[in-house]
Amino acid sequence: MSACTLFPLLFEAAVPDTLVELMARVEDQLTPKIGAGSTAAYWERNSLRTICRHLATMFGTSVDRVHIEQIAELTREDYIRGLGCTSSRATHLVCAQKKLLQYAASYGWTCEAYRRTRAWEPIRDALRAGNGSFGCLGIVEFAHQHKHWPETFSDTVVEEWKLWKKEKGQSLYTVDQEETMFRSKLRNARLEALLPRFDLKARKPTSYQLRLDRMTDELRNQIVGIVHWREKECNVDLRIRASSARNLMATLLAFCGYCTYVLGICGITSLRQVLTREIIRSFATWLHDVRGCRWYTVYLTLDRLYHLTQLGHPLFAGSDEEYAWFRTLLKRLPRESKDKLRMRKIARSVTYKVFSQIACEIGKVLQANKHLNPIQRARLYRDYFFCRAIAVHPWRRRNWNECRIDPKSRPNLEYRTIPLRVQRNGKLPLWVKRALQEDPAREFWMCHYVELETKAKKEIWEPLDPKIVKIFLEYRDVHRGVILGGRSDPGTLLINNAGKPMTNSQLTARLGVLSRQYIGKRLSLHIIRDIVAEHALVCGCKLETVQHTLWHKNPSSTPKYLSGLNASHASIVLERHFARRMRS
């Protein structure tokens, strides 16, 4: 008889059909190993028992009524919806489910869904191998969900997947990149025989940018000169950062590529030659109808071209009247309604309470998992520090990445006294002012950015919150050195797993992974700035305080956060105010 107390029935060595029959066979196989002292067998049995209980809960019945075929195609999303668990927990359950199906297959069980899943396994393994995005795995999952086998997979399936991704709001560029990665990885793994109806030949992403080396000398020198002028030589107040310069270069290359490849205009020697009303209007329509860009993106693209004609560049000197039509065209572009924009923003956002759960969940993992090795603990503590810090200091992504703590290279974050001019003119928190009244020479952990280091071209002096200081010091003194692992110190506050400065894309990706894992929704740093600002206003902070927290230079940039507030928020603030008055 089986040694399992959860599945006490005895079955003959027949092909299992239900979970209870399967687990009876698994128990008989694992019990002798456990008796011999195998820890791996013990934890494997517990994991399989757990997945069986969860599956019974999902289907709303007992384990002996759940057939193995019913679980053959369950995905992580099914567990999240059915059990309300986190993304990471659902991933563990999917792994246990796969192990359960492997045992069933070893006992002779099979079904069409399982055979189809196994047929895609070599392709999944090839797509997971090596470097690059794993987004191309979505093509396999899409094909599997629509009952396609590798033998029936074709270009038609890929086109259906691309339409589905577009309906979900994915950009054409991202979809093309994922398709290219899908083809190249399978081609490098030499899996052409598994996909007889699909051609794996290289297909580069749909690109319409005109490369600099394919331009005429006059046009190339003109474009390079314009971008350099906008970044280095124009009026100081109108200069753009390096990232904005790259965006301007991409816009100019894209516009010239449209004129060359789509309109067939060859031998362009000057931008003035193609900056006409008819071409700009057709470019805007093509961006929206063919490239799938939202009208807001089309507006930003054309606005970069329009500003070149208005900022005094020698190429467009004295041409204000000549390009007066450009501004009119921009104003007449269709715009999404404010309600639609607000609804899309709400769909991407969460409340401050939900957002703060990310750091809380990471803290629980650090406390519960004492068996983590030093490197795992150090990386997890870095994530914990960052999530706690951005809830209080919602800096921009660039400032987090470039924040220096090395005393040898003019640090942005250091322990120092506050300059007298900042004490007199700076808008410091109340707890700092009180501390300075007792001791004007007291030192604080101060964040300092000069004008060229901030988007608003505004000098920043901001004390680090006392609750964050303790976490920061432990990260800097203990865990940061473990991540470096003896490599040279880049001197930045945040470092990646390789011990190098965290890049913008790495920071965005890491924040997205953490938010998706712990709260089930992908957040960006820009959305988090909105969440923190609205929470501060709900709690009764003045608009001026929020403006200072977000480092806004223009006062008109901050009132937009009031759009999400209503009378209920005001009543909450009043209740808290009266409660404080009663206590005092």
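Computed from a predicted structure; not experimentally measured. Chains are numbered independently. Their residues run from 1 in the order of the written sequence. Reporting of local features is limited, given that this is a predicted model, to residues whose pLDDT is at least 70; pairs of side-chain atoms are given and counted only at 80 or more, and all residues count toward the totals for whole chains, interfaces and linings. Working from all heavy atoms in the structure, the side-chain values ignore hydrogens and water.

1. Re the overall build of the protein chain
We apply this condition: Every helix listed is a DSSP run of H or I at least four residues long, and every strand listed is a run of E at least two residues long, numbered separately from the N terminus. Burial classification: accessible surface area is computed with a 1.4 Å probe over protein chains only, and a residue below 20% of its type maximum counts as buried, one above 50% as exposed, and the rest as partly exposed. Computed with a 1.4 Å probe, the accessible areas rest on the Shrake-Rupley method; for each residue, only the protein chains presented here act as cover. A positive count includes Lys and Arg, and a negative count includes Asp and Glu. His and the chain ends are not counted in either. By convention, charge coordinates are those of NZ in Lys, CZ in Arg, CG in Asp, or CD in Glu.
Looking only at helices and strands, one finds 24 helices and three strands in the protein chain. Principal-axis analysis of the C-alpha atoms places the extent of the protein chain at approximately 90 × 75 × 55 Å. Out of the 584 residues in the protein chain, the part that is buried amounts to 41%. Just so you have it, the protein chain exposes about 31900 Å², and 53% of that area is on carbon and sulfur atoms. Here the protein chain contributes 94 positively and 59 negatively charged side chains, and the mean placements of these two sets differ by 4 Å.

2. Observations concerning the packing of aromatic side chains
The condition that has to hold: Only rings of Phe, Tyr and Trp enter the pairing, Trp through its six-membered ring, and a pair is recorded when the two centres are within 6.5 Å. The plane angle decides the type: under 30 degrees is stacked, over 60 is edge-to-face, the rest tilted.
The tally for this structure, following the rule as stated, stands at 27 aromatic pairs. Note on Trp-120 and Phe-153: the rings are 5.8 Å apart at their centroids and 85° apart in plane angle, and the pair reads as edge-to-face. Separated by 33 residues along the polypeptide, Trp-120 in helix 5 (residues 112-128) and Phe-153 in the loop between helix 6 (137-145) and helix 7 (155-167) bring together distant segments of the chain. Of the residues examined, Trp-120 reaches a relative accessible area of 0% and is grouped as buried. Seen from their ring centres, Phe-255 and Phe-283 are 5.3 Å apart, and the 70° between their planes marks the pair as edge-to-face. One end of the pair, Phe-255, is in helix 10 (residues 242-262); the other, Phe-283, is in helix 11 (residues 277-289), with 28 residues separating them in the sequence. Phe-255 sits in the buried class, given a relative accessible area of 0%. A relative accessible area of 0% places Phe-283 in the buried class.

3. What to know about the sheet that holds strand 1 (residues 413-417)
Using the following cut-off: For two strands to pair, DSSP has to find at least two bridges joining them. Interaxial angle, 0 to 180 degrees, is taken between N-to-C directions of lines fitted to C-alpha atoms, where a helix line uses only the stretch in contact.
Sheet architecture is open: three strands sit in the order 1-2-3, paired in antiparallel fashion. Looking at strand neighbours, the two that pair on one side only are strand 1 and strand 3 (460-463), the edges of this open sheet. Shown here is a sheet whose adjacent strand axes are inclined to one another by a mean of 45°, direction ignored. Looking at chain direction, strand 1 and strand 2 (residues 443-449) are connected through five bridges and run antiparallel. The residue of strand 2 that forms the bridge with Arg-416 is Phe-444.

4. Structural notes on the confidence of the model for the protein chain
To keep it simple, the criterion reads: Confidence of the predictor at the level of single residues is given by pLDDT, which spans 0 to 100. Only heavy atoms matter for contacts: two residues are in contact if any of them lie within 4.5 Å across the pair.
Across the protein chain, pLDDT averages 85, with 90% of residues at or above 70. The model gives residues 565-574 a pLDDT under 50, and that stretch makes nine contacts with residues more than four places away or in other chains.

5. Quick look at the packing of helix 11 against helix 13 (residues 324-331)
Here is the rule we go by: The scheme is simple: roughly parallel for angles under 35 degrees, roughly antiparallel for over 145, roughly perpendicular for 65 to 115, oblique for anything else. Each helix crossing is assigned a hand: it is left-handed if the near helix lies turned anticlockwise from the far helix by less than a right angle, otherwise right-handed if that turn is clockwise. For this classification, Asp, Glu, Lys and Arg are treated as charged, while Ala, Val, Leu, Ile, Met, Phe, Trp, Tyr, Cys and Pro are nonpolar and the rest, including Gly, are polar.
Two elements in contact, helix 11 and helix 13, have axes separated by 11 Å at closest approach and are oriented at 20°. By the angle class used here, helix 11 and helix 13 are roughly parallel. When you trace helix 11 past helix 13, the crossing you get is right-handed. Across the interface between the two elements, Arg-277, Ile-280 and Arg-281 from helix 11 touch Trp-325, Phe-326 and Leu-329 from helix 13. Of the residues that constitute the contact of helix 11 with helix 13, the class distribution is four nonpolar, no polar and two charged.

6. A word on the pattern of salt bridges
Two side chains that carry opposite charge are able to pair once their charged atoms sit near each other. Applied cut-off: A carboxyl oxygen of Asp or Glu within 4 Å of a side-chain nitrogen of Lys or Arg is what we treat as a salt bridge.
Using the criterion set out here, one finds 29 salt bridges in the structure. Between Glu-27 and Arg-49 there is a salt bridge, with the nearest N and O atoms lying 2.9 Å from each other. With a gap of 22 residues between them, Glu-27 in helix 1 (residues 19-35) and Arg-49 in helix 2 (residues 39-59) connect regions that are remote in the sequence. Side by side, Glu-27 and Arg-49 carry an identical accessibility label, which is buried. In this structure, the salt-bridge partner of Glu-73 is Arg-116, at a minimum N-O distance of 2.4 Å. Of this pair, Glu-73 sits in the loop between helix 2 and helix 3 (76-83) while Arg-116 sits in helix 5; the two residues are 43 residues apart in sequence, bridging distant segments of the chain. On the accessibility criterion, Glu-73 (30% relative accessible area) is partly exposed. Three or more residues joined by partner-sharing salt bridges are found here, namely Asp-155, Glu-159, Lys-162, Asp-176, Glu-179 and Arg-183.

7. Points about the packing of helix 15 (residues 352-368) against helix 21 (residues 504-519)
Packing of helix 15 against helix 21 brings their axes to within 9 Å, and their N-to-C directions diverge by 85°. The pairing of helix 15 with helix 21 is recorded here as roughly perpendicular in orientation. Mapping the contact onto sequence places Val-354, Gln-357, Ile-358, Glu-361, Ile-362 and Val-365 in helix 15 and Leu-514, Ser-515, Tyr-518 and Ile-519 in helix 21. Residue classes in the contact of helix 15 with helix 21 are distributed as seven nonpolar, two polar and one charged.

8. Observations concerning unusual backbone geometry
Negative phi is the rule for most residues except glycine; trans is the rule for most peptide bonds. Despite not being glycine, Lys-457 has its phi angle at roughly 55°, a positive value. Structurally, Lys-457 can be placed in the loop between strand 2 and strand 3. Note on Lys-457: relative accessible area 28%, which makes it partly exposed. Its identity as a non-glycine residue notwithstanding, Trp-551 has a phi of 65°, on the positive side. Tracing the chain through its elements places Trp-551 in the loop between helix 23 (543-549) and helix 24 (567-583).

9. A word on a nonpolar patch on the surface
Keep this limit in mind: Candidate patch residues must exceed 30% relative accessible area and have no salt bridge, after which like charges are joined if within 9 Å and Val, Leu, Ile, Met, Phe, Trp or Tyr side chains if within 5 Å.
Taken together, the side chains of Tyr-261, Val-262 and Leu-263 present a nonpolar region at the surface, about 250 Å² in accessible area. Of note, Leu-263 is situated in the loop between helix 10 and helix 11.

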